[in-house]
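Here's the letter readout for the chains.
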Amino acid sequence: MVRVGIVGISGFSGRVLLDILLRHKDVRVTYAAAYSTTGRVDAIWPVFTNRTDLVCEKYSAEAAIAACDLVFLALPHTESMNVAGELLAAGKRVIDLSADYRLKNRAVYKKWYHAEHKDPRNLAKAVYGLSEIYRTQIKKAKFIANPGCYPTAALLGLAPLVSMYPDKIASIAIDAKSGVSGAGRKASEALMYTFVNENFKAYRVLEHQHAPEIAQYLSRMAEKPVDIMFVPHLLPVDSGILETIYVHLNAKIASKALTECYRRFYSTETFVRFLQPGAQPELRHVVRTNFCDIALVVSPDGKSLVITSVIDNLVKGASGQAVQNMNIMCGFNETEGLL
Ligand SMILES: NC(=O)c1ccc[n+]([C@@H]2O[C@H](COP(=O)([O-])OP(=O)(O)OC[C@H]3O[C@@H](n4cnc5c(N)ncnc54)[C@H](OP(=O)(O)O)[C@@H]3O)[C@@H](O)[C@H]2O)c1
């Protein structure tokens, strides 16, 4: 039985982590913490009434180290990097849901997150937890940088194309839409019901911090620099991300060949479902699950294509993928707690 802790239990991804981990047969949640919120977890999240007696403490590294073998950090970016190092030095496994260890270049991190990186040693060691793509590295890892929500949908949607046909891509534009829980629990006027309901808008156009993360990992898959355009939108739903990805090619790819490439690429994956021709992914088929559904349509001239990819931002885009990574790291059944 692995003893696990959740730091950031009062946040949205902390709640989803606990929901999954309470159903997991190989772990016991032995520690829960936040920063300003304390008290019984079932008072913070009444959904856990009769499911747990856990008490949320003010975060202390000493307490986390004593209580846990593995710690999930569900903290805001620029906070995880204050916490991860001490846990790792004490020999704990750490899965960080924030963006602090995803961008390998510290100058790029500073540009997008407006802070100096304080933990370069562990930044170099962190393994990017895109489970289906980096499973071999995750198996051996002690420290995981769990991917962002938008990057998870984009990278899974593009991975077969970018790794098999890197020289045929002329441009990639990612049109992404997310539900409101993507912004976390913190109150803000822009996220009030009256501003979101019956509305739809783009935000941070070409300025969103997930763009460099997507470009970094596509470039790694392609083994050459890959540029993208990325535009996020706010959908008037609680959870779910749908990305429509437009790709122009500089040389023809036959629809049949590319479809077969996607089918083979994901044929052994439980959580990535490449849909049958003619079907389109829908949010309602993946919300509250760890699935990513993907469809591909190639234009009749074979010179452009549209990929659609959907996930639940809090599950496959955060806590579900984090548990999938824990399962891989610890040698558990990869789907434990997630089906
Ligand atoms: N929401 C998503 O869909 C999603 C998807 C992928 C990744 N992520 C990432 O996962 C992390 C958690 O996201 P979330 O949406 O769960 O956030 P959230 O709902 O805002 O919760 C944040 C948690 O961090 C704690 N916290 C808040 N301010 C803090 C501070 N200044 N210092 C230290 N701890 C602080 C909070 O504790 P208190 O209540 O005590 O303040 C709370 O438990 C973020 O880095 C986010 O970018 C989120």
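Described in the following lines is the structure provided in the data block. Bear in mind the structure is a predicted one, so any value in this text is a computation, not a measurement.

1. Details of the sheet that holds strand β13 (residues 272-274)
Then, number 1: What the 7 strands build is an open sheet, ordered β10-β11-β9-β12-β15-β14-β13; its pairing is mixed. The outermost strands of the open sheet, each flanked by one partner alone, are β10 (201-202) and β13.
Then, number 2: Pairing analysis gives 2 bridges linking β10 to strand β11 (residues 229-234), with the strands arranged antiparallel. Note on β11: the bridge partner recorded for Ala202 is His233.
Then, number 3: Of the strands in this sheet, β13, β14 (292-298) and β15 (304-311) touch helix α11 (residues 255-265), which is tilted by about 165° from β14.

2. Examining helix α8 (residues 149-164)
Then, number 1: Compared with the 22 Å implied by 1.5 Å per residue over 16 residues, the 24 Å span of α8 between its first and last C-alpha is a close match.
Then, number 2: The largest bend along α8 measures about 50° and falls at Leu158, with the proline Pro160 one to four residues further on.
Then, number 3: Burial runs high along α8: 14 of the 16 residues are buried.

3. With respect to the site of the ligand
Then, number 1: Near the ligand lie 26 residues; those nearest to it are Ser10, Ser13, Ser36, Thr37 and Leu75.
Then, number 2: Within the contact set of the ligand, an oxygen atom lies 3.0 Å away from a backbone nitrogen or oxygen of Phe12.
Then, number 3: Ser181 is positioned with one of its backbone polar atoms (N or O) 3.0 Å from a nitrogen atom of the ligand.
Then, number 4: When the ligand sits alone it has 890 Å² of accessible area, and the protein chains cover 80% of it.
Then, number 5: When contributions to the shell around the ligand are tallied by element, the ones reaching two or more residues are α1 (12-21) and α12 (315-330).
Then, number 6: Considering only residue class, the shell around the ligand consists of 11 nonpolar, 13 polar and 2 charged.

4. A few points about the packing of α8 against α12
Then, number 1: Where α8 meets α12, the closest approach of the two axes is 8 Å, and the angle between their N-to-C directions is 95°. The orientation of α8 relative to α12 falls into the category roughly perpendicular. Counted together, Cys149, Thr152 and Leu156 of α8 and Lys316, Gly317 and Gln321 of α12 form the full contact between these two elements.
Then, number 2: Each residue belonging to the contact of α8 with α12 can be placed in one class, and the counts come to 2 nonpolar, 3 polar and 1 charged.

About the criteria used
Residues numbered from 1 in each chain as written. Predicted model: local features only at pLDDT ≥ 70, side-chain atom pairs only at ≥ 80, totals over all residues. Heavy atoms only, no water. Pairing = 2+ DSSP bridges. Helix = DSSP H or I, 4+ residues; strand = E, 2+ residues; numbered from the N terminus. Contact = heavy atoms within 4.5 Å. Axes fitted to C-alpha atoms, helices over the stretch in contact; angles between N-to-C directions. Expected span 1.5 Å × (residues − 1). Bend = angle between axes of the 7 residues up to and from the residue. Buried < 20%, exposed > 50% of the residue type's maximum accessible area, 1.4 Å probe, protein only. Near = heavy atom within 4 Å. Polar contact = N/O pair within 3.5 Å; in protein donor to acceptor, adjacent residues only side chain to side chain. Areas by Shrake-Rupley, 256 points an atom, 1.4 Å probe, with all protein chains shown as cover. Nonpolar A, V, L, I, M, F, W, Y, C, P; charged D, E, K, R; others polar. Parallel < 35°, antiparallel > 145°, perpendicular 65-115°, else oblique.

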